[in-house]
Amino acid sequence: MKNKVYVLAFTYDVPEEEYRAYVNPLHMRRYGRLLRRALVTAVKCMRDSGIQHPDAIINGTCMGSFEETEKLLDGLAEEGESVSMPTRFMLCTHNSVASLIGLYTHNHGYNNTYSQRNVSFESAVLDAFLQLKAGKIRTALVCANDELTPSLRSILERLGISQSLFYDRSIAMMLSVERGEHPLREITGVGIWHEKGKGDKAQIVYKEICD
C-alpha cells in the first residue's frame, strides 16, 4: 500500500439555480430533489477535477432517496399493491444515486453504495482509500447524499427526535493517486469504530499539502 491518496476536487450542495450549467434540465425532469442535487454535485466535481471517467463511483447514504420512497408508498396506499411502479421502485433504492451518476456519465467501472447510518460517507471513503492505496484503482468519485423531506421533518418533530441526527446534503469528492497540479489535500487515513453507548464514530485524516 504505497500509493498516496489526494483530494483533487470537493463539491458541496450546488445551488439549484446553477443546475442547468451542469446538467440539461430535460434529463432531470423525472428525478426528485435528492437525485437532481446528487447528479449535479457529482458532475460539477468531475468537471472541477478534470476527470470525467473515474475508475470507481462510491456513494454513502443513510436513508437513500426518501422522497422517492414516500412517492412509492403513497402510490401503493392509494392504488393498491397490484399497480406496477417499476420506475418509482428503482429510484427509491439506496443504490439509485450511484447508478444514476454512472449511467449519466457513461462510467461502467466499480459502482457501490454504503448505507451505514451516520458513518455512510466515511465507509465509502474507506473503500476508495483502500483500493487506491493498493493500486486496484487510480481515481474514485466518492459521494454522500441524504435528504430531509417536509414529511420526515414533521414525523421527527412529532416523535421528539432531533433533526440534527439526520443529514440533508450532497457531497462529491474526487480522489486520485496522482497529485495533479492543484491538489486540495492528502488523505492519510480513515478510521471507523464503535463506542459502547455512543454508536458508530468515524474520522477521515487529512494532511495539508505545502507546495
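### Observations regarding the side chain of R169
Then, in step 1: Of note, R169 is situated in strand β5 (residues 169–176).
Then, in step 2: At 5.1 Å, D146 is the nearest oppositely charged side chain to R169, a buried residue that forms no salt bridge.
Then, in step 3: The contacts of R169, once residues within four sequence positions are left out, are Y12, D13, L34, R37, F121, A144, N145 and D146.

### With respect to the nonpolar core
Then, in step 1: V23, M28, L39, V40, I101, L141 and M174 are the most contacted members of the largest nonpolar core, which totals 27 residues.
Then, in step 2: Listing elements by their share of this core, those giving two or more residues are β1 (5–12), α1 (33–49), α4 (96–105), β4 (139–146) and β5.
Then, in step 3: Per-element accounting of this core gives the leading share, 8 residues, to α1.
Then, in step 4: Leave out the neighbours within four places in its chain, and V40 touches V14, Y19, Y22, V23 and M28.
Then, in step 5: Counting 21 residues, the second-largest nonpolar core is a separate cluster that includes L175, V177, I187 and V190.

### Comments concerning the pattern of salt bridges
Then, in step 1: A complete count under the given rule lists 7 salt bridges for this structure.
Then, in step 2: In this structure, the salt-bridge partner of R33 is E147, at a minimum N-O distance of 3.9 Å. Taken as a pair, R33 in helix α1 and E147 in the loop between β4 and α6 (150–159) lie far apart in primary sequence, 114 residues in all.
Then, in step 3: Of the residues examined, R33 reaches a relative accessible area of 34% and is grouped as partly exposed.

### As for the sheet that holds strand β3 (residues 110–114)
Pairing between the strands of a sheet comes from backbone hydrogen bonds, and it takes one of two forms, parallel or antiparallel.
Then, in step 1: Strand order in this open sheet of 7 strands is β3-β2-β4-β5-β1-β6-β7, and the pairing throughout is mixed. Two strands lie at the open edges of the sheet, namely β3 and β7 (199–207), each paired on one side alone. This sheet shows a mean twist of 25 degrees between the axes of neighbouring strands, independent of strand direction.
Then, in step 2: Bridge count between β1 and strand β6 (residues 185–195): 3 bridges; the pairing is antiparallel.

### What to know about the packing of aromatic side chains
Then, in step 1: Applying the stated criterion across every chain, the model contains 0 aromatic pairs.
Then, in step 2: Its guanidinium or amino end placed over the ring of Y167, R169 lies 3.8 Å from that ring's centre, counting from NZ or CZ.
Then, in step 3: Across from the ring centre of Y206, 4.6 Å away, lies the NZ or CZ of R185, which sits over that ring.

### Let's talk about helix α5 (residues 120–134)
Then, in step 1: Along its 15 residues, α5 runs 22 Å from first to last C-alpha, staying within 8% of the 21 Å computed at 1.5 Å per residue.
Then, in step 2: Counting buried positions along α5 yields 12 of 15 residues, so the element is predominantly enclosed.
Then, in step 3: For α5, the set of buried residues is S120, F121, E122, S123, A124, V125, D127, A128, F129, Q131, L132 and K133.

### Brief notes about the environment of Y22
Then, in step 1: You can see Y22 is positioned in the loop between β1 and α1.
Then, in step 2: Each C-alpha atom, one on Y22 and one on V40, is 6.1 Å from the other, the two residues being 18 residues apart in sequence.
Then, in step 3: Setting aside residues up to four positions removed in sequence, Y22 forms contacts with V14, V40, V43, K44, R47 and Y104.

### Observations concerning unusual backbone geometry
Then, in step 1: Unusually for a residue other than glycine, D13 sits at a positive phi of about 45 degrees.
Then, in step 2: On the secondary structure map, D13 appears in the loop between β1 and α1.
Then, in step 3: Classification of D13 by relative accessible area gives partly exposed; the value is 24%.
Then, in step 4: A positive phi angle, close to 60 degrees, is found at H106, a residue other than glycine.

About the thresholds
- Residue positions are given per chain, counted from 1 along the sequence in the order it is written.
- With pLDDT at 70 or above as the cut-off, local features in this predicted model cover only qualifying residues; side-chain atom pairs require 80 or more to be listed or tallied, and sums for whole chains, interfaces and linings still use all residues.
- By convention in this description, side-chain values take in all heavy atoms of the structure and omit both hydrogens and water.
- For the purposes of this entry, the term helix denotes a DSSP run of H or I that reaches at least four residues, the term strand denotes a run of E that reaches at least two, and both are numbered from the N terminus.
- Each residue gets one of three labels from its accessible area relative to the maximum for its type: buried under 20%, exposed over 50%, partly exposed in between, using a 1.4 Å probe on protein chains only.
- When charges are counted, Lys and Arg are positive and Asp and Glu negative, with His and the chain ends excluded.
- What makes a salt bridge here is a side-chain nitrogen of Lys or Arg within 4 Å of a carboxyl oxygen of Asp or Glu, nothing more.
- Note on definitions: a residue-residue contact is assigned when non-hydrogen atoms from the two residues lie within 4.5 Å.
- For the purposes of this section, nonpolar cores are sets of buried Ala, Val, Leu, Ile, Met, Phe, Trp, Tyr and Cys residues that join through side-chain atoms within 4.5 Å.
- If DSSP finds at least two bridges between two strands, the strands pair.
- For every element, the axis is a line fit to its C-alpha atoms; helices are fit only across the contacting stretch, and the angle between N-to-C directions ranges from 0 to 180 degrees.
- A pair of Phe, Tyr and Trp rings is counted when the ring centres sit within 6.5 Å of each other, with Trp represented by its six-membered ring. The angle between the planes then sorts it: under 30 degrees is stacked, over 60 is edge-to-face, the rest tilted.
- Charge-over-ring contacts are defined here by two conditions on Lys NZ or Arg CZ: a distance within 6 Å of the ring centre and an angle within 35 degrees of the ring normal.
- One fewer than the residue count of a helix, multiplied by 1.5 Å, yields its expected span.

None of this, on its own, says anything about what the molecule does.
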